[in-house]
Amino acid sequence: MNPTMNAEIAARDSDLRIALLLGIANWFLFLDHIPHNAVSSLTLRNFGFSGATDLFVFVGGYAATLIYARMAVERGYLVAATRIFKRVWQLYAAYIVLFVIYVDLISYVASRTAAPELFSEFNITGFIDHSLRTLVYGLLLQAKPLNLDVLQLFIVLMAFLPVVLAGLLRVPNVTLAASVALYAAARLLDWNLVSYPDERWYFNPFCWQLLFVTGGWFALIGKPYAGVLRAMQAMPALRAAALLYLLFALVIVSSSNIPVLAEMVPDSFTDLFVPTDKENIAAYRILHFLALTFLFTLLVPRDCAYLRSNVLQPIVKCGEEWLAVFCAGVFLSFAAHFVLITGPNSLAMQVVVSIIGIAAMTGVAYYVSWSRRQDYKSAIGAQS
C-alpha cells in the first residue's frame, strides 16, 4: 500500500463519528427491542425506510474495514486476516454465552410467572420440546431467539471480511460491483441461510452484505473519491434530491399512524413500502440510508468540535464499547419488557425503563473502558 492510503486510513481511524453512530445504533436497538414502548417512536425506523440495524451494519463495516486495513498496511495482510478471525471468535463466544443465558433466563421467568406466551414471543418455543436440538442449532447460528439476529448477522459478515478486505485494498470498485451482483442474485434467486425453526434468517446475509461492504468501500475510497463526494455534496440539486427522498420516506412511514397523511396517500401506494423489506433489505431502504449518510457527512464533518462535547460522550463511549453494550442491551430490553407486562404499562413507566436501560448500558460502557485501561496499565507495568 502507498503512504497516501496509509495516511488516509490513519486519519479516518480517529473519526469520532464512527463511535457516535455505533452508540446511537446500540441505543436505538435497545429501544426498538422493547415491545409496545412509546419511547421507541423516537428511533430511526419511525422516520423513514431504514433503521438502527442498517446503521449498525454500515458503520460496523466501515469501522472494521478501517481497523484491519490499517493493520494490513502496517503489519501485512496475513496478520490482519488472523486478527479478523480472532475477532470473529470473540463475537461468536459472546453470542454463545448470550444465547445460553438469554434462553435460560426467558425460560425461568416464563415458568415462574406463569407466562408461557414469552416462549413464542421471544421465539424459543422449540427449546421447550427439543432443548438439545435447539441448543445445537444455536451453536450453529441457526436458532433465532428474538433480539439476537443482529449479532448473528454481524458474525457472518465479519467471517467474510478477510476476502472483502483483500478486494477493497486492491480493486475496491470491482469488489463493490461484486457485492451488488451478489445482492441482486440473492433477491432474484431467493437465496438465504437456513434457520430453526423458520428455515430462513430474519436478516438475509447475502443481501445485507451490500450495506456492510459499502461501508468498507467508503472507508477506503481515498482522497480522489473523497473529492468527488465533496463536489457532489456541494451540488444544490443533489442535496435537494436527498432531502426530498427523506421527506417522501417520512410521509410514507408516518401515514400508517397519522390519519391526515393516511387519507392523502393511497393504500396501494403505501403497501409498496410499508412494512419495509428487512429480510432482503429492499433497494429503496438502502437508498434511504445512503441519502441520510450523504446529508449527515455534509452537516457533521470529521473535525466537528461538537463530537468532543461532554453531552455526546456517553453515546461515543457506548459506540467504542459496542459489543458489551449490545449484550447488556439484549438483557435490559427483556427486563424492561418484563417490567412492563407485569406492572403498570403506562407512558411514564415506559419512559422510566427506557432511561434506566440506557443509563445502565452507558455504565457498562464506562466500566469496560475503565477495566481495559487498568489491564493496559498492568501490562505496561509488568513489562517495565
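Residues numbered from 1 in each chain as written. Predicted model: local features only at pLDDT ≥ 70, side-chain atom pairs only at ≥ 80, totals over all residues. Heavy atoms only, no water.

## Details of the overall build of the protein
Item 1. Along the protein, the regular secondary structure elements total 19 helices and zero strands.
Item 2. Across the protein, contacts joining residues at least 24 apart in sequence account for 77% of those joining residues at least 6 apart.
Item 3. Entry remark: accessible area of the protein is about 18700 Å², with carbon and sulfur atoms responsible for 68%. (Helix = DSSP H or I, 4+ residues; strand = E, 2+ residues; numbered from the N terminus. Contact = heavy atoms within 4.5 Å. Areas by Shrake-Rupley, 256 points an atom, 1.4 Å probe, with all protein chains shown as cover.)

## Points about the packing of aromatic side chains
Item 1. As enumerated under the stated definition, the model contains 18 aromatic pairs in all.
Item 2. Feature note: the residues Phe56, Phe154, Phe212, Trp322 and Phe326 constitute an aromatic cluster, connected by ring pairs.
Item 3. Here the basic side chain of Arg170 rests over the ring of Tyr77, its NZ or CZ set 5.8 Å away from the ring centre. (Phe/Tyr/Trp six-rings, centres within 6.5 Å; stacked < 30°, edge-to-face > 60°. Lys NZ or Arg CZ within 6 Å of the ring centre and 35° of its normal.)

## Topic: the nonpolar core
Item 1. Core analysis: the largest hydrophobic core is formed by 72 residues, its most contacted members being Phe56, Tyr68, Tyr95, Met158, Leu161, Leu165 and Leu211.
Item 2. Setting aside residues no more than four positions away along its own chain, Phe56 makes contact with Leu22, Ala25, Leu29, Val150, Phe154 and Trp322.
Item 3. In terms of nonpolar packing, the next biggest core, distinct from the first, is built from 20 residues, Ala19, Trp27, Cys318 and Val353 among them. (Core = buried A, V, L, I, M, F, W, Y, C linked by side-chain atoms within 4.5 Å. Buried < 20%, exposed > 50% of the residue type's maximum accessible area, 1.4 Å probe, protein only.)

## Comments concerning the pattern of salt bridges
Item 1. Evaluated as defined, the whole model comprises nine salt bridges.
Item 2. We note a salt bridge from Asp277 to Arg187, for which the minimum N-O separation is 3.2 Å. Residue Asp277 is located in the loop between helix H15 (267-270) and helix H16 (283-299), and its partner Arg187 is located in helix H10 (residues 172-189); the two are separated by 90 residues in the primary sequence.
Item 3. With relative accessibility at 36%, the residue Arg187 sits in the partly exposed group.
Item 4. The salt bridge partner of Glu279 is Arg200, with a shortest N-O separation of 2.5 Å. Placement of Glu279 in the loop between H15 and H16 and of Arg200 in the loop between H10 and helix H11 (205-220) is noted, with a sequence separation of 79 residues between them.
Item 5. Given the relative accessible area of 24%, Glu279 is considered partly exposed.
Item 6. Classification of Arg200 by relative accessible area gives partly exposed; the value is 26%.
Item 7. A single salt-bridge network, built from bridges that share partners, covers Asp190, Arg200 and Glu279. (Salt bridge = Lys/Arg side-chain N within 4 Å of Asp/Glu carboxyl O.)

## Some details on the confidence of the model for the protein
Item 1. Averaged over all residues, the pLDDT of the protein equals 86, while 86% of them reach at least 70.
Item 2. Element-level pLDDT for the protein is lowest in helix H1 (residues 3-13), with a mean of 55, against a maximum mean of 96 in H10. (pLDDT = per-residue confidence, 0-100.)

## Some points on the environment of Val213
Item 1. Within the secondary structure, Val213 is located in helix H11.
Item 2. As for Val213 and Thr175, which are separated by 38 residues in sequence, their C-alpha atoms are 8.2 Å apart.
Item 3. Those residues in contact with Val213 that sit more than four places away from it in its chain are Val164, Leu168, Thr175, Leu176 and Ser179.

## As for unusual backbone geometry
Item 1. Of note, Leu141 is a non-glycine position whose phi angle comes to about 65 degrees, a positive value.
Item 2. For Leu141, the position within the fold is in the loop between helix H7 (131-139) and helix H8 (149-159).
Item 3. We classify Leu141 as buried; its relative accessible area is 11%.

## What about a nonpolar patch on the surface?
Item 1. Side chains of Val97, Val100, Ile101, Leu132, Leu135, Val136, Leu139 and Leu140 sit close together on the surface and give an oily, nonpolar patch of about 680 Å² of accessible area.
Item 2. Every element with two or more residues in the nonpolar patch is listed here: helix H4 (77-112) and H7.
Item 3. With four residues, the single largest contributor to the nonpolar patch is H7.
Item 4. Secondary-structure assignment places Val136 in helix H7. (Patch = residues over 30% accessible without salt bridge, like charges linked within 9 Å, V, L, I, M, F, W, Y side chains within 5 Å.)

## Focus: the side chain of Asp32
Item 1. Tracing the chain through its elements places Asp32 in helix H2 (residues 16-32).
Item 2. Setting aside residues no more than four positions away along its own chain, Asp32 makes contact with Ser40, Thr43, Arg45 and Ala52.

## Description of helix H3 (residues 52-75)
Side chains that are three or four residues apart share a direction in an α-helix, a result of its 3.6 residues per turn.
Item 1. With 24 residues, H3 should cover 34 Å at 1.5 Å per step; its first-to-last C-alpha distance of 34 Å lies within 8% of that length.
Item 2. Within H3, 19 of the 24 residues are buried, which leaves it mostly tucked inside the rest of the structure. (Expected span 1.5 Å × (residues − 1).)

## Here we look at the environment of Leu141
Item 1. In this structure the C-alpha to C-alpha distance between Leu141 and Ile96, which are 45 residues apart in sequence, comes to 9.0 Å.
Item 2. Ignoring sequence-local partners within four residues, the contact set of Leu141 consists of Tyr92, Tyr95, Gln152, Ile155, Val156 and Trp201.

## Points about the environment of Leu243
Item 1. Topologically, Leu243 is positioned in helix H13 (residues 236-254).
Item 2. Under the relative-accessibility criterion, Leu243 is labelled partly exposed at 45%.
Item 3. Along the backbone, Leu243 and Phe294 are 51 residues apart, and their C-alpha atoms lie at a distance of 9.7 Å.

## What about the packing of H3 against helix H9 (residues 161-170)?
Item 1. Running from N to C, H3 and H9 cross one another at 70 degrees; their axes reach a closest spacing of 10 Å. One way to sum up the angle between H3 and H9 is to call them roughly perpendicular. In the crossing of H3 with H9, the sense of the turn from one axis to the other is right-handed. Listed contacts from H9 to Ala64, Thr65, Tyr68, Ala69 and Ala72 of H3 are Leu161, Leu165, Leu168 and Leu169. (Axes fitted to C-alpha atoms, helices over the stretch in contact; angles between N-to-C directions. Parallel < 35°, antiparallel > 145°, perpendicular 65-115°, else oblique. Left-handed = near helix turned anticlockwise from the far one by under 90°.)

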